[in-house]
Amino acid sequence: MGELEIDKHVQYILDVEKKRDFESLLMEHIRMNGAYWGLTTLYLLGKLEKVDQDAVVEWMMKCQHDCGGFGGSIGHDPHVLYTLSAVQVLVLFNKLDMLDAEKVSNYIASLQNEDGSFAGDIWGEIDTRFSYCAICCLALLHRLDKINVEKAVNYIVSCKNLDGGFGCTPGGESHAGQIFCCVGALAITGSLHYVDKDRLGWWLCERQVKSGGLNGRPEKLPDVCYSWWVLSSLIIIDRVHWIDKDKLTKFILNCQDRENGGISDRPDDAVDVFHTYFGVAGLSLLEYPEVKPIDPAYALPVDVVNRIFFGK
Amino acid sequence: MKWNDSVFYIYEEVSSFEEFIVQSTQDTKMHGQPRKPLKPETAESIAKATELANIQSQLLFNHQNKIYDKQALNISSRLLEINPEIYTAWNYRKLAVQSLLQSLTDSDSIKPILDEELKVVESALRRNPKCYGAWHHRRWVLSKGFSSINNEFLLLDKLLKLDSRNFHGWNYRRFVAALKNVPAEEELRFTTEKINANFSNYSAWHNRCTLLSNLLQAKAQRFFPREKVLMEEYDLIHQAIFTDPDDQSGWFYYLWLLDETVIPEAPFLISSFPAPGSTLHLFTNSIMEGDLPLILYFNQPVGGVNSSTITVNSELSICDPIWKPISANKSGRAQAWVTYLKIPNMNSYVSKLYLVEVVIGHVAGIVSSNSFHYRYPSQFKFSLHSQDLSVDSDEKCDGAVVVWKDENFVIEGDVIKNINSSGVSFEAVEINKEHQTMVSNWSIGAIENEINLFRELVAEIDCKIGKLTLARLLMALDELMVLFNDRRRHSNEIMELYNELIKLDPVHSRYYMDERSLLIIDQVTSSRESMVQHCSFYKGSKPMSFSSSICLRLSKLSLTRIGFVERLLWIQMLDLSHNELRSIEGLEAMQLLARLNLSNNKIRSFTALEPLRLIKSLRVLDISYNEIGLHSIDTTRYLCSTPLSQSTEADRKLEEYVNDDIKASDSWEAIWIFGDLCLTQLDVEGNAIDGERFGKLVVKAIPTLKWLDGMCVR
Ligand SMILES: [Zn+2]
């Protein structure tokens with residue numbers, strides 16, 4: 001048991017960036033997400049200064065396309081998933097002025113459909129994940145007026161299920177990740193009155209299994225990444241006390257690779273940046289002492305979010 | 001019943017993130033991979049990486065240069081075979097198909113091109129059945145209208161046999177069912193098959209719930225009357241829950257069925273202030289400057305409450321009353337609505353009786369959030385009795401510090417008599433007969449039947465869902481019976497169940513405590529007799545604005561949350577101290593509240609006090625000895641309208657305060673909450689806040705404040 005191996009996790013994240021083996025190549029197309037996961041983790045652990053910010057920004061700007069959207073890596077197509085990560089990283093660095101915010105927000109606005117939903121890119125896949133990405137991104141850029149917020153909210157509400165949760169599209173099954181996206185977007189747009197907090201809260205708190213970990217849907221195995229999706233949703237609707245926080249903290253700490261750093265989905269599995277981020281972010285939501293607080297809706301450190309919205 | 005098939009189990013291993021946010025190979029790369037010691041790279045692994053790097057860069061090159069020849073296409077399908085998550089390769093193939101189809105018009109030459117795409121998707125799904133990009137590619141191809149939809153159903157049958165919980169499969173099934181216009185009834189039958197094959201299938205229960213709820217709402221043939229349909233569903237769900245009570249698959253479906261059984265669709269009025277048939281004594285002075293709140297409280301949030309849907313008849317002057325929703329959100333809907341009656345200046349009056357009649361819903365327009373209309377036009381009366389009691393003015397009352405000590409509360413005089421003249425009633429609001437018969441017979445019978453079954457289950461097995469369901473059923477029955485003024489309650493049995501649940505399932509103990517807290521408030525407030533036990537007079541206090549000078553003391557009851565506020569609308573002084581409250585959600589409906597004691601609770605932040613912003617009558621507030629400032633994560637940050645949730649009102653308000661001393665990012669919560677209150681007395685000591693800085697801020701924010709932590713500040 002014991003505590004969080006901060007130094008080892010920091011070193012693990014710094015090393016991952018340099019790796020070029022088969023596994024890293026498979027992830028090449030989501031490097032932009034990787035940057036956001038890794039850098040946010042470093043920020044939460046108070047070690048962002050270990051990164052050459054200018055080099056990261058220089059690489060990121062090479063991923064931007066003429067339309068304003070960002071790809072997952074150089075040469076990969078633009079998509080709202082990577083555009084949000086790019087904006088989040090620039091916010092983290094306090095370098096939003098590097099960005100033509102007007103152009104980026106026009107790109108995002110162009111993805112909204114008549115029914116309020118959002119496509120992920122020009123190919124028209126529709127999913128409430130993309131609603132969250134679009135709304136979060138525009139809010140960070142102070143450009144929500146670019147879209148029809150009311151329709152966007154109505155579309156998300158149309159994906160609400162009778163168990164209180166939310167799915168990808170109307171009729172889609174509730175899933176903790178999807179719930180985070182929908183509840184997060186509703187929080188950012190001041191629309192939480194559409195959420196049945198008690199019904200959803202019970203569904204979410206029942207994601208905690210005997211080991212203390214959280215799963216993402218009923219009758220599934222626990223996984224560290226749900227420490228984020230479930231916890232952030234529970235916090236946004238003020239029902240986080242319905243789970244056992246100490247047991248969850250122990251579960252996350254048990255998933256650390258104490259030798260080489262990094263956090264995995266379950267104890268003794270292989271680690272990766274994604275689960276390292278969600279483990280650390282989960283500990284932050286659990287008020288673990290050595291980790292800076294993170295905002296449950298914008299998925300960025302609280303002081304960074306406060307700077308954006310109260311920083312005048 | 002669970003894990004009865006090894007393939008299913010394997011999919012469990014890979015079932016989380018790949019179901020989710022970013023399209024990537026996480027199912028194979030990020031989940032369920034055993035941790036191995038770091039090994040040096042071998043020649044073989046280097047070769048593998050080089051090959052992947054090569055085809056990846058070839059694909060990007062072809063994409064950039066719009067090369068769509070056979071060889072280039074093969075490279076992309078080879079790449080997608082190794083890594084189906086590489087989304088740009090799917091985009092590339094779509095562009096290639098578009099370019100190939102450009103010159104073609106006859107379906108004989110178009111179809112083979114599209115069939116090839118379906119093959120590429122299939123091999124990708126074999127590698128990762130949860131690959132977003134592959135599924136979308138398939139939809140894109142199908143939408144062209146050249147492919148056989150029946151084939152898709154066959155493919156889905158295979159896929160859902162391998163993993164009956166693959167939600168991509170279910171989503172895709174809904175997509176092709178819509179393409180083919182498959183009737184909802186047929187899809188419902190498919191869920192029956194899946195459930196009969198294995199009860200432990202949340203995805204099937206979910207789909208069933210959605211389909212059936214639509215069919216019931218549309219009153220579709222063979223789905224009417226709903227009572228018959230619901231009874232059949234109870235039979236089905238019993239088999240699931242009683243076979244394996246620990247399997248969650250049916251839990252949420254059962255809760256939906258319970259809702260369908262007891263919750264009437266149409267909204268109705270459950271309480272008001274002043275209450276129907278009640279008498280309210282008025283005294284010569286009021287905090288409201290002669291305005292008496294008239295509150296209507298519905299069973300669910302409604303919109304459309306206005307002077308055309310509600311008529312108020314009285315000799316009192318009511319100049320076209322404006323009804324306001326008591327809610328901070330911008331939806332225009334609320335459970336509680338308020339308007340103000342103009343009470344004439346009564347200084348010269350001796351004694352006079354006014355009769356007020358409220359007529360509700362004779363004109364259509366009151367509507368619930370799921371678009372059901374208020375269907376029970378009704379009316380009620382109450383009387384206002386003005387009396388000349390030469391009492392001291394409020395000025396004097398407010399001038400003295402309120403001290404919440406036990407010795408200051410006495411039961412002198414006649415509490416019951418005072419309650420009786422407070423505009424309160426303990427009878428249920430009468431709803432018309434049509435409504436009563438609708439909810440009554442079948443619902444009550446069904447619930448009683450369920451109660452018997454679950455009592456048997458609980459007697460047999462010590463299972464949490466059995467106990468929780470039984471507690472919920474008993475609560476639901478009690479609430480139904482209240483509508484008929486039947487006050488027999490199952491409080492003791494329910495309390496016992498929650499106490500057992502807290503021990504049985506400690507991980508979720510706080511959930512059960514919250515439910516228990518509601519039960520405690522229900523017990524205290526359900527009858528005049530129990531309420532009287534908790535009422536006393538604040539010593540030396542003269543009657544406040546309206547007749548009641550009673551303080552409701554709900555301290556030391558282990559309350560963790562508030563409920564049944566509709567029964568407390570008449571209260572002006574409330575003591576909730578020494579509980580474990582972390583939320584006061586719902587309290588905003590108490591529009592007469594002037595003095596509130598929340599000391600010694602577990603309130604974690606100023607934002608948790610948001611409901612108080614809506615109580616304009618509040619003057620005295622004690623929030624000392626809570627946990628404000630103690631926690632790094634604020635769980636009510638988003639339940640409060642602020643710039644974080646795009647409130648421009650809040651933006652403006654904050655700007656007024658920002659100067660060299662006060663940074664908005666540190667103090668916005670306090671400014672936002674207190675800036676709207678007209679307090680004269682505030683106690684905050686015993687919280688983790690910087691007293692001196694907070695003092696400066698709050699004195700500026702509340703111009704009416706006289707006493708802060710017992711010190712005179714003005
Ligand atoms: Zn995971």
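Residues numbered from 1 in each chain as written. Chains lettered and ligands numbered in written order. Predicted model: local features only at pLDDT ≥ 70, side-chain atom pairs only at ≥ 80, totals over all residues. Heavy atoms only, no water.

**Remarks on the interface of chain A and chain B**
- Contact with chain A, which involves 105 residues of that partner, is made by 103 residues of chain B.
- A combined buried area of about 9,100 Å² lies between chain A and chain B, and 57% of that area is made up of carbon and sulfur atoms.
- Where chain A touches chain B, the interface holds 10 salt bridges.
- The closest approach of N and O atoms between Arg239 of chain A and Glu585 of chain B, which form a salt bridge, is 3.5 Å.
- Taken together, the connections running from chain A to chain B amount to 54 residue pairs in polar contact (both at pLDDT 80 or more).
- Ranked by the residues each element gives to the side of chain A that touches chain B, the list is headed by helix H10 (residues 197-205) of chain A, at six residues.
- Looking at the side of chain A that touches chain B residue by residue, the class counts come to 46 nonpolar, 25 polar and 34 charged. (Contact = heavy atoms within 4.5 Å. Buried area = accessible area lost by both parts, 1.4 Å probe. Salt bridge = Lys/Arg side-chain N within 4 Å of Asp/Glu carboxyl O. Polar contact = N/O pair within 3.5 Å; in protein donor to acceptor, adjacent residues only side chain to side chain. Helix = DSSP H or I, 4+ residues; strand = E, 2+ residues; numbered from the N terminus. Nonpolar A, V, L, I, M, F, W, Y, C, P; charged D, E, K, R; others polar.)

**Quick notes on the environment of Gln88 of chain A**
Residue and element names in this part refer to chain A.
- Within the element layout of this structure, Gln88 appears in helix H5 (residues 80-92).
- Taking the C-alpha atoms as reference points, Gln88 and Cys137, 49 residues apart in sequence, are found 7.7 Å from one another.
- For Gln88, the residues in contact, after removing those within four places along its chain, are Tyr36, Cys136, Leu140, Tyr298, Ala299 and Leu300.

**Structural notes on the packing of helix H3 (residues 43-64) of chain B against helix H4 (residues 70-82) of chain B**
Residue and element names in this part refer to chain B.
- At a minimum axis separation of 9 Å, H3 and H4 run at an interaxial angle of 130 degrees. By the angle between their axes, H3 is oblique relative to H4. H4 is crossed by H3, and the crossing has left-handed handedness. Across the interface between the two elements, Glu51, Leu52, Ile55, Gln56, Gln58, Leu59 and Asn62 of H3 pack against Ala72, Ile75, Ser76, Arg78, Leu79 and Ile82 of H4.
- Residue composition of the contact of H3 with H4, by class: seven nonpolar, four polar and two charged. (Axes fitted to C-alpha atoms, helices over the stretch in contact; angles between N-to-C directions. Parallel < 35°, antiparallel > 145°, perpendicular 65-115°, else oblique. Left-handed = near helix turned anticlockwise from the far one by under 90°.)

**A closer look at the UniProt feature "domain: Prenyltransferase alpha-alpha toroid" (unreviewed entry) in chain A**
- Under the UniProt annotation, the feature "domain: Prenyltransferase alpha-alpha toroid" (unreviewed entry) is placed at residues 4-299 of chain A.
- Between the first and last C-alpha atoms of residues 4-299 of chain A the distance is 21 Å; the span itself is 47% helix and 1% strand. (UniProt positions renumbered as here; feature names shortened; annotations may be inferred.)

**Observations concerning the nonpolar core**
- With 327 residues, the main nonpolar core has Tyr298 of chain A together with Leu384, Phe674 and Leu682 of chain B as its most contacted residues.
- It is helix H18 (residues 464-482) of chain B that contributes the most residues to this core, 11 residues altogether.
- Trp404, Phe409, Cys551 and Met573 of chain B belong to the second-largest nonpolar core, a separate cluster that totals seven residues. (Core = buried A, V, L, I, M, F, W, Y, C linked by side-chain atoms within 4.5 Å. Buried < 20%, exposed > 50% of the residue type's maximum accessible area, 1.4 Å probe, protein only.)

**What to know about the sheet that holds strand S13 (residues 573-575) of chain B**
Residues and elements named next belong to chain B.
- Strand order in the open sheet formed by nine strands is S10-S11-S12-S13-S14-S15-S16-S17-S18, with mixed pairing between adjacent strands. The open sheet terminates on both sides in strands that have one partner only, identified here as strand S10 (409-410) and strand S18 (711-712).
- Pairing between strand S11 (residues 535-538) and strand S12 (residues 550-553): three bridges, direction antiparallel. Directly across from Ser536, in S12, lies its bridge partner Cys551. (Pairing = 2+ DSSP bridges.)

**Quick notes on unusual backbone geometry**
Residue and element names in this part refer to chain B.
- In this model, Phe224 is joined to Pro225 through a cis peptide bond whose omega is 5 degrees.
- With respect to the helices and strands, Pro225 occurs in the loop between helix H11 (202-217) and helix H12 (226-243).
- The omega angle of the peptide bond from Phe273 to Pro274 is -15 degrees, so this bond is cis rather than trans.
- Looking at where Pro274 falls in the secondary structure, it is placed in the loop between strand S1 (269-273) and strand S2 (279-282).
- A positive phi angle, close to 55 degrees, is found at Asn181, a residue other than glycine.
- Checked against the element boundaries, Asn181 lands in the loop between helix H9 (167-179) and helix H10 (184-197).

**Section: the pattern of salt bridges**
- For the coordinates displayed, the defined rule picks out 50 salt bridges over all chains.
- One salt bridge connects Asp522 of chain B with Arg489 of chain B, and the closest N-O pair in it is separated by 3.0 Å. Highlighted residues: Asp522 of chain B in helix H20 (residues 509-525) and Arg489 of chain B in the loop between H18 and helix H19 (491-504), separated in sequence by 33 residues.
- Take Asp522 of chain B: its relative accessible area is 3%, and that puts it in the buried class.
- Each of the salt bridges in this network shares a partner with another, and the network as a whole consists of Lys197, Asp198 and Arg239 of chain A together with Arg561 and Glu585 of chain B.

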